[in-house]
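Report on the structure
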Amino acid sequence: MHHQDAMRMTEGSIPGQILRFAAPLFLGNLFQQLYNTADALIVGNMLGNDALAAVSATGTLVFLVISLFVGIAAGSSVLISRYFGAQDYDKLEKAIHTNVAFSLAAGVLMTVFGVLFTPWMLKAMGTPEDVMDLSATYIRTFFAGSIGLVLYNGLRGVMQAVGDGKNPLKYLIFCSVLNVVLDIAFIGLFHTGVGGAALATIISQFLSGLLCLRRLLMTDAEYRVELKKIRFHWPTLKLIVRYGLPSGIQNSVIAIANVVVQANINEFGTMAVAGCGAYSKVEGFAFLPITSFTISLTTFVGQNLGAKEYDRARKGARFGLWCAILSAELIGVLLYITAPAVIGAFTREPEAISFGVDKGRICSVFFCLLAASHGLAAVLRGAGKAVIPMISMLAFWCVIRVTFLHFMVPIYHSIATVNWVYPLTWALSTVFLGLYYWRADWIHTFERQNA
C-alpha cells in the first residue's frame, strides 16, 4: 500500500473530499448490513420464527459488549487522524501500535466475558423461555471468536483515520460474500442450526481482521504496522482512553438502554420480538448514510484541526451534517412507504409483520433527527470533545428513555409507547448538541488541552 491509499483531507475541494471518503464507507456499511440481513433472512426462512427471535434477542446484547471496545478504539482514530493531519509521524506510530495492542487485549477479554456470562445476561434481559437455549448457543459461539471482530474494527479505524476507505471496503465485501456462503453451507448442508450462523460470522470477521493486518504490515507508508513494535505506549494509551472512553461509555449506555427497550418488547411475546427484530434489520439501512458521514466528519475535522485549518474544519462539518440529515430522511420516507413489503421478507407471520410495520412507521419519519444527533456528535468527537456527546446520549438516550418506559408502558401498555421513545429522545439530544455546536468553541479544543 503506497501513499495513494491514504487521503489528506487538509487541502482540495471540501465536498469532493467528504463525498469521496464517504462513498466507500457507504458501500462497506451497505455490505455489512446486507450480510447481517442475509443472516436473519437465512435463519428466519431455513430455521423458522423461533430461531429468528433467538438471533434478534441477542443482537442488542452483542452490541452492548462490543460497543465499549469499539468506542475506545474510536479514540485512537481521533488521535491518528490528528497526528496524520499534523504530519507528526513519531506520535502517529505510537498511536497505531498502541491501538493494535489494545484491540488484541480487548478481544481476549471479550471472549472470556462473553462465554462465561452469556446465560446470566440473557436471563436478566427476560429473553423468552422458548428461545433461551437457541440464543445461548448463538451468542456463546459468537463471543468465542470475538477477537477477530475487535481486531478488524481496530485496524479498520487506523485505515479510515488516514483517509483510506477503499481497502477496508474490499475486505468487507469479500467477507460478506463468504459469510452468506458459509451460512447456507452450515445451516442448509450441515444442519448446524443457529450456532452455524454465528460460526459463519466469526470466520468471516477473523479473515477480514487478518486481511487488514496484512495490508498494514506490507505498506511502506508512515502508518505501517511492525509486529515487534506492537505494545502499549502508556502516555498514548492514556490519550486514547481520554478521547475514546467517553464514546465507549456512550455506546455501552445506549446499548444498555436498548437492552431495556428489548426487555419491554419481549413482554409482548415472540411475535413482537420477531417483528421488531425484522424492523431493526431494515432500520440498519437508514444508518448507512449516517454512519458513512459521521466517520467522514470525525476524520475530516480531526485531520484539519491537526493541520490548524480551522475555517476548513467548520465548512466541512456543515456540509457533512447536511448530507447526513437529508440522505437519512430520504431513506426514512422510502421505508415508511415500503414497510409492509420489506418486513414481510423476514417473516410470514401476519402478526409479526404488523408489529414491525408499526414500529417502522413511527420511527422512519424522524430519521433526520437521528442523523443530526449522530452527525453533531461526530464533529465534536473529531474535535476532541467526546465528553459532550457522551453527556447528551447518557441523559437523553439512556436516562430519559428508560424513565419514560418505566412510567409510561405500565400506564398505556401498548407497544406504540415503546416505539415513540425513539423519536422523542432523538429530538432532545439534537436540540442539546445543536446548541453546543453553535455556541461553544469546539474548534480550538486540542490547543487548549495540550497547551
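Preceding this paragraph is the structure being described.
Residues numbered from 1 in each chain as written. Predicted model: local features only at pLDDT ≥ 70, side-chain atom pairs only at ≥ 80, totals over all residues. Heavy atoms only, no water.

Below, the discussion takes up the overall build of the protein chain. A tally of helices and strands in the protein chain yields 15 helices and zero strands. Taking 2.2 N^0.38 as the reference for a compact globule, 451 residues should give roughly 22 Å; the C-alpha atoms of the protein chain span a radius of gyration of 21 Å, in line with that estimate. Taken over the C-alpha atoms alone, the protein chain extends approximately 55 × 50 × 35 Å along its principal axes. Out of the 451 residues in the protein chain, the part that is buried amounts to 59%. (Helix = DSSP H or I, 4+ residues; strand = E, 2+ residues; numbered from the N terminus. Rg over C-alpha atoms; globule rule 2.2 N^0.38 Å. Buried < 20%, exposed > 50% of the residue type's maximum accessible area, 1.4 Å probe, protein only.)

Bringing the environment of alanine 86 into the picture now. Position of alanine 86 relative to the elements: it lies in helix α2 (residues 49-86). For alanine 86 and alanine 317, which are 231 residues apart along the polypeptide, the C-alpha to C-alpha distance reads 19 Å. Apart from the residues within four sequence positions on either side, alanine 86 is in contact with Gly306 and Ala307. (Contact = heavy atoms within 4.5 Å.)

Of note, glutamine 303 is situated in helix α9 (residues 270-306). Non-local contacts of glutamine 303, meaning those with residues more than four positions away in its chain, are made with Met7, Arg8, Met9, Thr10, Ser81, Phe84, Gly85, Ala161, Val162 and Gly163.

Moving on: the pattern of salt bridges. Opposite charge on two side chains makes pairing possible when the charged atoms of those side chains draw close. For the structure on display, the rule yields seven salt bridges. Ionic pairing is found between arginine 215 and aspartate 5, a salt bridge with its closest N-O pair at 3.3 Å. Of this pair, arginine 215 sits in helix α7 (residues 193-218) while aspartate 5 sits in the segment before α1 (14-47); the two residues are 210 residues apart in sequence, bridging distant segments of the chain. Here lysine 229 and glutamate 93 are joined by a salt bridge, their closest N and O atoms 3.1 Å apart. Remark: glutamate 93 occurs in helix α3 (residues 89-124) and lysine 229 occurs in the loop between α7 and α8 (234-266); sequence separation between them is 136 residues. Under the relative-accessibility criterion, lysine 229 is labelled partly exposed at 27%. On the basis of relative accessibility, which here comes to 30%, the residue glutamate 93 falls in the partly exposed class. Three or more residues are tied together by salt bridges with common partners; here these are Glu93, Glu226, Lys228 and Lys229. (Salt bridge = Lys/Arg side-chain N within 4 Å of Asp/Glu carboxyl O.)

Moving on, we get to unusual backbone geometry. Although it is not a glycine, histidine 191 adopts a positive phi angle of roughly 50°. Turning to its location among the elements, histidine 191 is positioned in the loop between α6 (166-189) and α7. Unusually for a residue other than glycine, histidine 413 sits at a positive phi of about 35°. Examined against the element boundaries, histidine 413 turns out to sit in the loop between α13 (387-412) and α14 (415-439).

For α13, which comprises 26 residues, the first-to-last C-alpha distance of 35 Å matches the rise-based estimate of 38 Å (1.5 Å per residue) to within 8%. At methionine 393, α13 shows its largest kink, close to 25°. Where α13 is buried, its residues meet α8, α12 (367-382) and α14. Just downstream of α13, histidine 413 is the residue with a positive phi angle, here 35°. (Expected span 1.5 Å × (residues − 1). Bend = angle between axes of the 7 residues up to and from the residue.)

A few words now on the packing of α1 against α6. Two quantities define a packed helix pair, namely the angle between the helix axes and the distance between the axes. Look at α1 against α6: their axes get within 8 Å of each other, and the N-to-C directions meet at 5°. For the element pair α1 / α6, the angle class is roughly parallel. In the contact of α1 with α6, the residues fall into 15 nonpolar, six polar and three charged. (Axes fitted to C-alpha atoms, helices over the stretch in contact; angles between N-to-C directions. Parallel < 35°, antiparallel > 145°, perpendicular 65-115°, else oblique. Nonpolar A, V, L, I, M, F, W, Y, C, P; charged D, E, K, R; others polar.)

This part covers the nonpolar core. One finds Ile265, Phe367, Val379 and Trp442 to be the most contacted residues of the largest nonpolar core, which totals 71 residues. When residues of this core are assigned to their parent elements, the largest contribution, 14 residues, is made by α9. Those residues in contact with tryptophan 442, other than ones at most four positions away along the chain, are Val301, Leu305, Ala313, Arg314, Ala317, Val379, Leu380, Ala383, Lys385 and Tyr437. Listed in part, the 62 residues of the second largest apolar core include Val62, Met121, Tyr138 and Ala255. (Core = buried A, V, L, I, M, F, W, Y, C linked by side-chain atoms within 4.5 Å.)

What follows covers the packing of helix α4 (residues 132-144) against α7. For the pair α4 and α7, the least separation of the axes is 8 Å and the interaxial angle reads 20°. Classified by the interaxial angle, the pair formed by α4 and α7 is roughly parallel. α4 and α7 meet at a crossing whose hand is right-handed. Contacts between α4 and α7 pair Leu134, Thr137, Tyr138, Thr141 and Phe142 from the former with Val194, Gly195, Ala197, Ala198, Leu199, Thr201 and Ile202 from the latter. For the contact of α4 with α7, a count of residues per class yields eight nonpolar, four polar and no charged. (Left-handed = near helix turned anticlockwise from the far one by under 90°.)

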